[in-house]
Amino acid sequence: MSASWPRRPRLVAGNWKMNKTATEAIATARALKDAGVPADTAMLVCPPFPALLPVRDVLEGSGILLGAQNLHTEPHGAFTGEVSGAMLTAVGCRMVIVGHSERRHGMGEDDALVARKLRAALRDQLIPIVCVGETLAERESGETEAVLTRQIAAAFGGLVAESARGTVIAYEPVWAIGTGRNASGADASAMADAIRRGLRRLGWGELADAQPILYGGSVTAGNVGEFLAEPAIDGALVGGASLKPDEMAGIVARAALTANARLAETPVG
Ligand code: PEP
């Protein structure tokens, strides 16, 4: 497949972070495969690197997509401990998370490195999920939109809009990740609008409207409906809850229901 979306997808992406041995990952993938994915909804799982290959084998034929949590900027070379996009593509990954806040804030990835990783992913035929989001301090000092605009400009500035067509952006407020505190649906929607404004400022025009945007930050089966009821939000990036197959299946089922309800409400003509 070409690394792009034919239209804005309904995507639920699970980021397993540094959890699950290969054996545990296989069991989780089997349970997700058994639960299935409703029509018109895409499910992605991003296991740790050692579990990619066995999870790929389990997921074969399930329609569930495989992704990675990170990549290096170079395709190969003397970069001990790193993994390239080409290697990820070769083991069946279709997508890769770029600029997750745990890497930005915990491992020193700055805007410039995130921009290079985004380009590396596109080069290696992976659909990047580019994470942006403000810290609690930035939020409390009223800087949220400025932070999002800066992160978007740094990542996407200079990229021809067409070449960035196959990307996903995740709005992930840092204060909501792994904390059990989530943004409201209305807030996430307003921030998705701010992200699309940032893309328009970069000259994207109508492509900004076509840009898939996920919400991430303490999403559960219980609250995902609030986000996906917002027309500006196309799906969810899920951390902790994605580790439990029942919860992940519940989130995906809820996402499909909300998508169908939204479609039914869309005026025809
Ligand atoms: C994440 O890891 O991107 C995330 C949103 O985590 P959690 O769902 O646990 O907040």
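Below or above, wherever it landed, is the structure these notes cover. (Residues numbered from 1 in each chain as written. Predicted model: local features only at pLDDT ≥ 70, side-chain atom pairs only at ≥ 80, totals over all residues. Heavy atoms only, no water.)

In strand β8 (residues 235–238), alternate side chains face the same way, and those of G235 and L237 on one face and A236 and V238 on the other are all buried. With 4 bridges connecting them, strand β1 (residues 11–15) and β8 associate as parallel partners. Each bridged residue has a counterpart across the sheet, and for G14 the counterpart in β8 is V238. Taken together, the 3 bridges between strand β7 (residues 213–216) and β8 define a ladder with parallel strand orientation. Looking at β8, one finds that L214 is bridged to G235. (Buried < 20%, exposed > 50% of the residue type's maximum accessible area, 1.4 Å probe, protein only. Helix = DSSP H or I, 4+ residues; strand = E, 2+ residues; numbered from the N terminus. Pairing = 2+ DSSP bridges.)

Attention now goes to the site of the ligand. The environment of the ligand is formed by 14 residues, the closest being K17, E172, G178, S218 and G239. Within the backbone of G178, a nitrogen or oxygen atom sits 2.6 Å from an oxygen atom of the ligand. Notes on the ligand: free accessible area 290 Å², of which the protein chains cover 96%. In terms of residue class, the shell around the ligand is made up of 4 nonpolar, 8 polar and 2 charged. (Near = heavy atom within 4 Å. Polar contact = N/O pair within 3.5 Å; in protein donor to acceptor, adjacent residues only side chain to side chain. Areas by Shrake-Rupley, 256 points an atom, 1.4 Å probe, with all protein chains shown as cover. Nonpolar A, V, L, I, M, F, W, Y, C, P; charged D, E, K, R; others polar.)

With that settled, the discussion passes to the environment of L148. Positionally, L148 belongs in helix α7 (residues 144–156). You can call L148 buried: its relative accessible area is 1%. In the structure, L148 is positioned 46 residues away from A194 in sequence and 7.5 Å away in space, judged by C-alpha atoms. When neighbours within four sequence positions are excluded, L148 is seen to be in contact with V132, G133, Y171, M191 and I195. (Contact = heavy atoms within 4.5 Å.)

Time to look at the packing of aromatic side chains. A complete count under the given rule lists 3 aromatic pairs for this structure. Relative to W204, the ring of F156 has its centre 5.5 Å away and its plane inclined at 90°; by these criteria the two rings are edge-to-face. Of the two residues, F156 is situated in helix α7 and W204 in the loop between α8 (185–201) and α9 (207–210); the sequence distance between them amounts to 48 residues. As far as the burial class goes, F156 and W204 line up, both buried. For the ring pair Y171 and Y215, a centre distance of 6.3 Å and an interplane angle of 55° mean the geometry is tilted. Within this pair, whereas Y171 is found in strand β6 (residues 168–171), its partner Y215 is found in strand β7, the two being separated by 44 residues in sequence. Assigned by exposure class, Y171 and Y215 land together as buried. Connected via pairs of aromatic rings, a cluster forms that spans Y171, Y215 and F227. Sitting over the face of the ring of W16, K20 holds its NZ or CZ atom 5.7 Å from the ring centroid. (Phe/Tyr/Trp six-rings, centres within 6.5 Å; stacked < 30°, edge-to-face > 60°. Lys NZ or Arg CZ within 6 Å of the ring centre and 35° of its normal.)

This paragraph deals with the packing of helix α1 (residues 22–35) against helix α2 (residues 52–59). It is at 9 Å that the axes of α1 and α2 come closest, and there the two elements cross at 25°. In terms of axis orientation, α1 runs roughly parallel to α2. Both α1 and α2 take part in a crossing whose hand is right-handed. Counting all contacts with α1, which are made through A22, A25, I26, A29, R30 and K33, the residues of α2 involved are P54, V55, V58 and L59. The residue makeup of the contact of α1 with α2, split by class, is 8 nonpolar, no polar and 2 charged. (Axes fitted to C-alpha atoms, helices over the stretch in contact; angles between N-to-C directions. Parallel < 35°, antiparallel > 145°, perpendicular 65-115°, else oblique. Left-handed = near helix turned anticlockwise from the far one by under 90°.)

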